Amino acid sequence: MKKAKDENKEEHILDAAKNVFQSKGMNGARMQEIADKAGINKAMLHYYYRSKQLLFEAVFKNAFSLLAPQLNAILNDDSSIEEKIKNFTSNYISFIVKHPYLPNFIIQELNRNPDFILKLKENKGFPNLEKFKKQVEEEIQKGILKPISAEQLFINIMALNIFPFVAKPLIMAFTNTDEKNYKQLMEDRKIEVSNFIINAIKNS
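Everything numeric here is computed off the predicted structure, so don't read it as measured data. (Residues numbered from 1 in each chain as written. Predicted model: local features only at pLDDT ≥ 70, side-chain atom pairs only at ≥ 80, totals over all residues. Heavy atoms only, no water.)

1. Details of empty space enclosed by the protein
- Considering all chains together, one arrives at one cavity of 30 Å³ or more under this definition.
- There is about 40 Å³ of room inside the largest cavity.
- As for the largest cavity, its lining consists of Ile74, Leu75, Lys84, Ile85, Phe88, Phe132, Phe154 and Ile157.
- Breaking the lining of the largest cavity down by element, the ones donating at least two residues are helix H4 (52–75), helix H5 (81–98) and helix H9 (150–166).
- Ranked by residues supplied to the lining of the largest cavity, first place goes to H5 with three residues. (1 Å grid on protein atoms, 1.4 Å probe; cavity = no way out; pocket = protein on both sides within 12 Å on 5 of 7 lines; lining within 4 Å. Points joined across faces, edges and corners; volume = space filled by probe spheres on them. Helix = DSSP H or I, 4+ residues; strand = E, 2+ residues; numbered from the N terminus.)

Encoded structure:
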């Protein structure tokens, strides 16, 4: 009973911290503000997390752990490269629409602390490109795909999917789009991005 209560309290703290870090960033966030938002005193917050850095790392790992295993599963299943691109794009966009804070949150922290990615790479669910790279090479040899670097293809997939969320205000301004139509634009991109990439790399 106590363990469940502690886990619930910790989840509540992480949720409060996520909101503060999202709006203020690591440097602008204050432990007192996080404690207030979580409805606890600062001493209780320090009981669970001794420092702001440890709390931030916990929030970041939690955020990254929501996304990374999904990407890794797609990269390492037995589907074709074409299917991987479709599934990756559809799953990623659906996921980020539900968790819109994630892309900026992850990029902000990686820019602030580039070495932190080394800690994340130790996690079991961290995306592994080896099978993806092997599949790309095999499909090139079979004449299914045009010659392309697997790394460059992966970067193209990531960039085309991530940028519209990272640059949401800019995209909305350029396209003169409101929130409702922006969501529809993102829904449409599930097909647009997939078709764009597949048409670029597949042999006719």
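Having put the structure on the table, let's press on.
2. Focus: unusual backbone geometry
- Phi is positive for Asn176, which is not a glycine, with a value near 50°.
- Its location among the elements puts Asn176 in the loop between helix H10 (168–174) and helix H11 (179–201).
- Residue classification places Asn176 among the exposed positions, given a relative accessible area of 73%. (Buried < 20%, exposed > 50% of the residue type's maximum accessible area, 1.4 Å probe, protein only.)

3. Brief notes about the packing of H5 against H11
- Relative to each other, H5 and H11 sit at 155°, their axes nearing to 9 Å. In this view, H5 runs roughly antiparallel relative to H11, as classed from their interaxial angle. H5 and H11 meet at a crossing whose hand is right-handed. Here Ile81, Glu82, Ile85, Lys86, Thr89, Ser90, Ile93 and Ser94 of H5 lie close against H11, whose contacting residues are Met186, Arg189, Lys190, Val193, Ser194, Ile197, Ile198 and Ile201.
- A class-by-class count of the residues in the contact of H5 with H11 yields eight nonpolar, four polar and four charged. (Axes fitted to C-alpha atoms, helices over the stretch in contact; angles between N-to-C directions. Parallel < 35°, antiparallel > 145°, perpendicular 65-115°, else oblique. Left-handed = near helix turned anticlockwise from the far one by under 90°. Contact = heavy atoms within 4.5 Å. Nonpolar A, V, L, I, M, F, W, Y, C, P; charged D, E, K, R; others polar.)

4. Some details on the layout of surface pockets
- Here the largest pocket defines a volume of roughly 470 Å³.
- Per-element tally for the lining of the largest pocket: the top contributor is helix H6 (residues 102–112), with five residues.
- Classifying every residue of the lining of the largest pocket gives 18 nonpolar, no polar and one charged.

5. Examining the domain arrangement of the chain
- Domain boundaries assigned for the chain yield domain 1 (1–50) and domain 2 (57–201).
- Taking only C-alpha atoms, the centre of domain 1 and the centre of domain 2 are 30 Å apart.
- The interface is formed by nine residues belonging to domain 1 together with six residues belonging to domain 2.
- Taken over both partners, the interface formed by domain 1 and domain 2 buries close to 710 Å², and the fraction arising from carbon and sulfur atoms is 73%.
- Seen at the junction of domain 1 and domain 2, the total is zero salt bridges.
- For the pair domain 1 and domain 2, the number of links is zero residue pairs in polar contact (both at pLDDT 80 or more).
- Tallied by class, residues from the side of domain 1 that touches domain 2 come to five nonpolar, three polar and one charged. (Domains from an automatic or database assignment. Buried area = accessible area lost by both parts, 1.4 Å probe. Salt bridge = Lys/Arg side-chain N within 4 Å of Asp/Glu carboxyl O. Polar contact = N/O pair within 3.5 Å; in protein donor to acceptor, adjacent residues only side chain to side chain.)

6. Section: H9
- The end-to-end C-alpha distance of H9 is 24 Å, a good match for the 24 Å that 17 residues give at a rise of 1.5 Å each.
- Considering bend angle alone, the principal kink of H9 is centred on Ala159 and spans about 25°.
- Listing the buried residues of H9 in full gives Ala150, Leu153, Phe154, Ile157, Asn161, Ile162, Pro164 and Phe165.
- Tucked inside the fold, the buried residues of H9 contact H4, H5, H6, helix H8 (130–141), H10 and H11. (Expected span 1.5 Å × (residues − 1). Bend = angle between axes of the 7 residues up to and from the residue.)

7. Let's talk about the packing of aromatic side chains
- Going through the model one piece at a time under the given rule, you end up with six aromatic pairs.
- Ring centres of Tyr47 and Tyr48 lie 5.2 Å apart, and the angle between their planes is 90°; on these two criteria the pair is classed as edge-to-face.
- Taken together, the ring pairs in this structure connect Phe88, Tyr92, Phe132, Phe154 and Phe165 into an aromatic cluster. (Phe/Tyr/Trp six-rings, centres within 6.5 Å; stacked < 30°, edge-to-face > 60°.)

8. Let's talk about the nonpolar core
- Core analysis: the biggest nonpolar cluster contains 60 residues, and Phe21, Leu55 and Phe132 have the highest contact counts within it.
- For this core, the leading source of residues is H4, giving 12 residues.
- Counting contributing residues per domain, this core is built from domain 1 (1–50) and domain 2 (57–201), each supplying no fewer than three.
- Once residues lying within four places of it in the same chain are set aside, the contact partners of Phe132 are Leu75, Ile81, Lys84, Ala150, Leu153, Phe154 and Ile157. (Core = buried A, V, L, I, M, F, W, Y, C linked by side-chain atoms within 4.5 Å.)

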